[in-house]
Amino acid sequence: MAHAVGAQVSLSVPVRTDVSLRKSGLKGRNNLSFHNNLWVPFTSLDLGSNNVQSKHQFKVVCMSIQQASRSKVAVKPLELENAQGPPLNLYKPKEPYTATIVSVERLVGPKAPGETCHIVIDHGGNVPYWEGQSYGIIPPGENPKKPGSPHNVRLYSIASTRYGDSFDGKTASLCVRRAVYYDPETGKEDPSKNGVCSNFLCDSKPGDKIRLTGPSGKVMLLPEDDPNATHIMIATGTGVAPYRGYLRRMFMEAVPTYKFGGLAWLFLGVANTDSLLYDDEFTGYLHDYPDNFRYDKALSREQKNKSGGKMYVQDKIEEYSDEIFKLLDRGAHIYFCGLKGMMPGIQDTLKRVAVQRGENWDEKLSQLRKKKQWHVEVY
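Residues numbered from 1 in each chain as written. Predicted model: local features only at pLDDT ≥ 70, side-chain atom pairs only at ≥ 80, totals over all residues. Heavy atoms only, no water.

## Description of the nonpolar core
Stage number 1. Counting residues in hydrophobic clusters, the biggest one holds 40 residues, and the most contacted among them are Y243 and L247.
Stage number 2. Elements with a minimum of two residues in this core: β13 (230-236), α3 (241-251), β15 (263-270), α4 (279-288), β16 (293-299) and β17 (333-338).
Stage number 3. Every residue in contact with L247, bar those within four places of it in the chain, is listed here: M233, M252, A264, L266, F282, Y285 and F293.
Stage number 4. I334, F336, W361 and L368 belong to the second-largest nonpolar core, a separate cluster that totals 24 residues. (Core = buried A, V, L, I, M, F, W, Y, C linked by side-chain atoms within 4.5 Å. Buried < 20%, exposed > 50% of the residue type's maximum accessible area, 1.4 Å probe, protein only. Helix = DSSP H or I, 4+ residues; strand = E, 2+ residues; numbered from the N terminus. Contact = heavy atoms within 4.5 Å.)

Structure below.
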């Protein structure tokens, strides 16, 4: 039911998952998809009707008419803003925290090579973290190289804000690609060589227990001293995880102490359209915050670079290199996250652009590091 009271509009909105969105094709610019919810701007509903019904479960969102498409979500507990520094290594490998799987959802479409899952974990508020940090996961079973000992810890970048996908500070989300090994001679999958932890996570069911360590990491923390700063985020595949956290904090959550007014510019490199991760969320920000968010995709199997070859993320960087260099000169932060194989191509591109601009790249890189503008986390 929807009704107007003064300058307020109370909306009843059907809850839909991203998977249902993908199946139904509801990816238009008028719909803003959060990870588990689709929030429809008030213009999509007939406010004059008394018969706005849905067979889906409903959630109610109140917003002013002027802010309807830009309404933010209240978060709690706000005490999570009070810490002077990031939480670090609250749980260690010898004494991990036992958390619970809330949900496992396939993120990619049928034409994506491989499977990537969004995994929500309930830590009960006992393993707090900041955006840009990682959790360690200890998969069940024993280490084949050390019989009788547990598996080594695997690190995963956290893909949610400190408040989690349920906005209550009790969950964390991971973006995990299932590691599958194919024998180069037969072309067949060899389960004995598949990634132990990624397959454990992607195969998990709600209610399953999971052992966590951490949180860890300071390199990818989002600098918040200047809420009007520029943040250039470069990712390949699941390297988009920390940026999802940044962007939800900037554009989705109502955090009283952090009002973002700068520029966030995301470059995401994946194989094809079906491989895009969190695309509905990012497209929603683009629609609602066109002055504060830019989003460029490099789809290697669908797009060509200027030389006619496959379009990789470094080709997109080169396309906008003049602008990127000017932003860096003005103090922008630049982040890189993904497979370590992404860095040589990106570094070569930046070096070539610097030479064309009459600059020494090694000196420039040294300055960026010195000023803490350069953030790299690759695996």
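## Here's the deal with the sheet that holds β16
Stage number 1. Read from one edge to the other, the open sheet built from 5 strands follows the order β16-β15-β13-β17-β18, with strand pairing classed as parallel. Each of the sheet's edge strands pairs with one partner strand only, and the pair in question is β16 and β18 (374-378). Strand-to-strand, the axes of this sheet are offset by a mean angle of 10°, without reference to chain direction.
Stage number 2. Pairing analysis gives 7 bridges linking β13 to β15, with the strands arranged parallel. In the sheet register, A235 faces β15, and the bridge partner there is L268.
Stage number 3. Set on the sheet, α3 makes contact with β13, β15, β16 and β17; between it and β13 the angle comes to about 145°. (Pairing = 2+ DSSP bridges. Axes fitted to C-alpha atoms, helices over the stretch in contact; angles between N-to-C directions.)

## What to know about unusual backbone geometry
Stage number 1. Following K76, the chain continues to P77 via a peptide bond in cis, the omega torsion being -10°.
Stage number 2. Of note, the bond from G214 into P215 is cis; its omega dihedral lies within 30 degrees of zero at 5°.
Stage number 3. Summarising the element assignment, P215 is placed in strand β12 (residues 209-216).
Stage number 4. The backbone of N89 shows a phi angle near 50°, a positive value even though the residue is not glycine.
Stage number 5. As for its position among the elements, N89 is in the loop between β6 (73-74) and β7 (97-106).
Stage number 6. Assessed through its relative accessible area of 39%, N89 is described here as partly exposed.
Stage number 7. The backbone phi angle of K372 is positive, close to 60°, even though this residue is not glycine.
Stage number 8. Its place among the elements puts K372 in the loop between α8 (361-370) and β18.
Stage number 9. Judged by relative accessible area, K372 falls into the exposed class, the value being 61%.

## Section: the UniProt feature "binding site: NADP(+)" (unreviewed entry) in the protein
Stage number 1. Taking the numbering used here, the UniProt-annotated feature "binding site: NADP(+)" (unreviewed entry) corresponds to S157, R177, T238, S300, R301, K310, G338, L339 and E377.
Stage number 2. Inspection of the secondary structure puts R177 in strand β11 (residues 171-177).
Stage number 3. A relative accessible area of 46% means that R177 is categorised as partly exposed.
Stage number 4. Setting aside anything within four residues of it in sequence, one finds R177 in contact with P113, G114, E115, T116, S198 and T238.
Stage number 5. From its side chain, R177 meets the backbone oxygen of P113 in a polar contact 3.1 Å long.
Stage number 6. Position of S300 relative to the elements: it lies in the loop between β16 and α5 (313-319).
Stage number 7. What makes S300 buried here is its relative accessible area of 13%.
Stage number 8. Each residue touching S300, except ones within four places of it in the same chain, is listed here: V270, A271, K310, M311 and Y312. (UniProt positions renumbered as here; feature names shortened; annotations may be inferred. Polar contact = N/O pair within 3.5 Å; in protein donor to acceptor, adjacent residues only side chain to side chain.)

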